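Understanding the architecture of this molecule
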Amino acid sequence: MAAAHVCFSFSSFAPLLHSALPVARSGDQSGRNSGFFRPSPVIYPGREPVSHELSDDFDFQESLLNVQALLHQHPKSNKGMLSTVDHLKHLCIDHYFQDEIDNIMETSVDLLHSDDLLDATLSLRLMREVGYYISADDVLQKFTNDNGDFNLRHSKDLRGLLSLHDMSHLNMGEASLYKAKEFSSKHLKFSLKYLEPNLARYVMKSLDHPYHVSLKQYKARHHLSYLQNLPTMHTAIEKLALVEFQMKKLQHQSEMQEVKRWWVDLGLSQEIPAARDQVLKWYMWSMTILEGFSFSRYRVEATKVISMVYIVDDIFDLVATQEELSLFNEAIKMWDLAAAESLPSYMISCYKDLYTITNDIADMVIKEHGLNPINHLKQAWATLFDGFMIEGKWLSTNQVPTSEDYLRNGVITSGAPLLFMHLLFMLGHDLTEDNNDYILRVISCPAKIMRLWDDMGSAKDELQEGLDGSYKDLYQRENPHADAEKHMLDMIAGEWEHLNRECFSQTKSTLPPSFIGASLNFARMVSIMYGYDDEQRLPALEDYTRMLLF
């Protein structure tokens, strides 16, 4: 049977983006007393303030009010309001209007029962993102046949397909979302040959970087660029998103300079020449994981923790003897500067820096949150060192661990659990018997995703001779006729499902949204950080760095 000729035009897609974005009246003061967040200049110790008014003709406060006015309109249906909320989330400016968004979501439940694919899937995704648990199988049943396959009449609904594709990545193990991903991907790819160039690029970006599993800041800049290319005037939302992006860039540049000064003053790169000197890469992790103007100090401190994980990894992998590593490991468990005196000089320097960074973070947490996390942080470092020791023992004695044993230990040596333990306390949360298991699950999923992605690339970016194992090699050894990479990609997809369940199936999570967001952002960053092309380059990371920092 010949394929039907389908042609989607740029103009036919534009209403999705602009029907809910009328240009606000510049003098509109509605909702002034609603209590939404009104930012003031952001000032950090030792830095110049980041101004919220980057040009003489732009008033940030007025822009917030104009966008808020859009959210207080009363359209004939909730469809337009949900579209507006989706734009705010895509552009990473929804945090200013959380109360308004919550109200809109509460009054939009009826759209879940819509016969329109776009309405039903958009409302389902937004509801799930804000904490409502609604069965995707129940909502999507009306769009499928008796076999659970999606009806072909939806294959020409471009907007519905894009929304269905976005929703499919919030899968918690639901059968309908497996089929949704397959159906939407197939027909979106087929549509590319019939789309106008700008629209084709937008759809390709959506396929290559699905909304839920991609970095929000990265997607936001592309989304804004696309909106600005539409044949319409800039809206209040676009203007706010643009100035928000500019402010974030200024702040991140300031933080990066602070981190660079700290790293140069530390001197470890000179004292340990074999170790990595990648301070920009380390900061990119922190910049991605913790979003928001108020977390500037935490991003800087988290970068210091990340840098020490990399340095310690290289000491174990490239520099020290087994005897020196045993002494290093014992000294960490004692957590006393005097315990490091018998170590080689470069180890003493590393030990002192690690000790100082960790205690400084503990002191900050005590002052800001009234918690003393030092015992938990000390234990986290000891656990990481033990993990490195296990890897070293396997290599030095020519032991070949099972792939399961390797992965279990590899989650620890990824450094992610240690980083998240620091983040947990910096964000003001404690570790108790009641929440310990839940927190560990939220941490272990992104850590396992990182380890699996890293091992598919086998440290291609390091140009080093260190050998610390590979899950891919071990699995291939155990299963010589299997496709190891496909198996690992399936495992990564499974970890995303576990992470989605932990983050979205809890009606009232005991963890702060900032920590849940950090876990998701970490997992999202992994494919960027390890997304090699055929030339062993990281094009997405280069694009992301250039876009958001330079």
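Residues numbered from 1 in each chain as written. Predicted model: local features only at pLDDT ≥ 70, side-chain atom pairs only at ≥ 80, totals over all residues. Heavy atoms only, no water.

Per an unreviewed UniProt entry, the chain carries the name Linalool synthase and comes from Triticum aestivum. The Cofactor (unreviewed entry) field of the UniProt record for the chain holds the comment "Mg(2+)". (UniProt positions renumbered as here; feature names shortened; annotations may be inferred.)

We now examine the overall build of the chain. When you go through the chain residue by residue, the secondary structure sums to 24 helices and zero strands. In the chain, buried positions account for 56% of the 550 residues. Contacts spanning at least 24 positions in sequence make up 73% of the contacts within the chain whose residues lie at least 6 apart. Summed over all atoms, the accessible surface of the chain reaches about 24500 Å², with 52% contributed by carbon and sulfur. (Helix = DSSP H or I, 4+ residues; strand = E, 2+ residues; numbered from the N terminus. Buried < 20%, exposed > 50% of the residue type's maximum accessible area, 1.4 Å probe, protein only. Contact = heavy atoms within 4.5 Å. Areas by Shrake-Rupley, 256 points an atom, 1.4 Å probe, with all protein chains shown as cover.)

So, about the environment of Glu 244. For Glu 244, the position within the fold is in helix H11 (residues 236–266). Spatially, the C-alpha atoms of Glu 244 and Cys 92 are 8.6 Å apart, while their sequence positions differ by 152 residues. For Glu 244, the contacting residues outside a window of four places in its chain are Phe 60, Cys 92, Ile 93, His 95, Tyr 96 and Phe 293.

The subject of this paragraph is unusual backbone geometry. With phi around 60 degrees, Asn 398 is a residue other than glycine that occupies positive phi space. Along the chain, Asn 398 falls in the loop between helix H17 (374–396) and helix H18 (403–413). A positive phi angle is found at Gln 536, which is not glycine, with a value near 65 degrees. Locating Gln 536 in the fold gives a position in the loop between helix H23 (513–529) and helix H24 (539–549).

Formed by 176 residues in total, the largest nonpolar core has its most connected members in Trp 285, Ile 315, Trp 381, Leu 423 and Tyr 544. When residues in this core are grouped by element, the largest group, twelve residues, is from helix H14 (residues 296–319). Residue contributions to this core reach at least three from each of two domains, namely domain 1 (55–241) and domain 2 (267–549). Apart from residues lying up to four places away in sequence, Ile 315 is in contact with Ile 272, Ala 320, Leu 325, Phe 328, Tyr 346, Met 347 and Cys 350. (Core = buried A, V, L, I, M, F, W, Y, C linked by side-chain atoms within 4.5 Å. Domains from an automatic or database assignment.)

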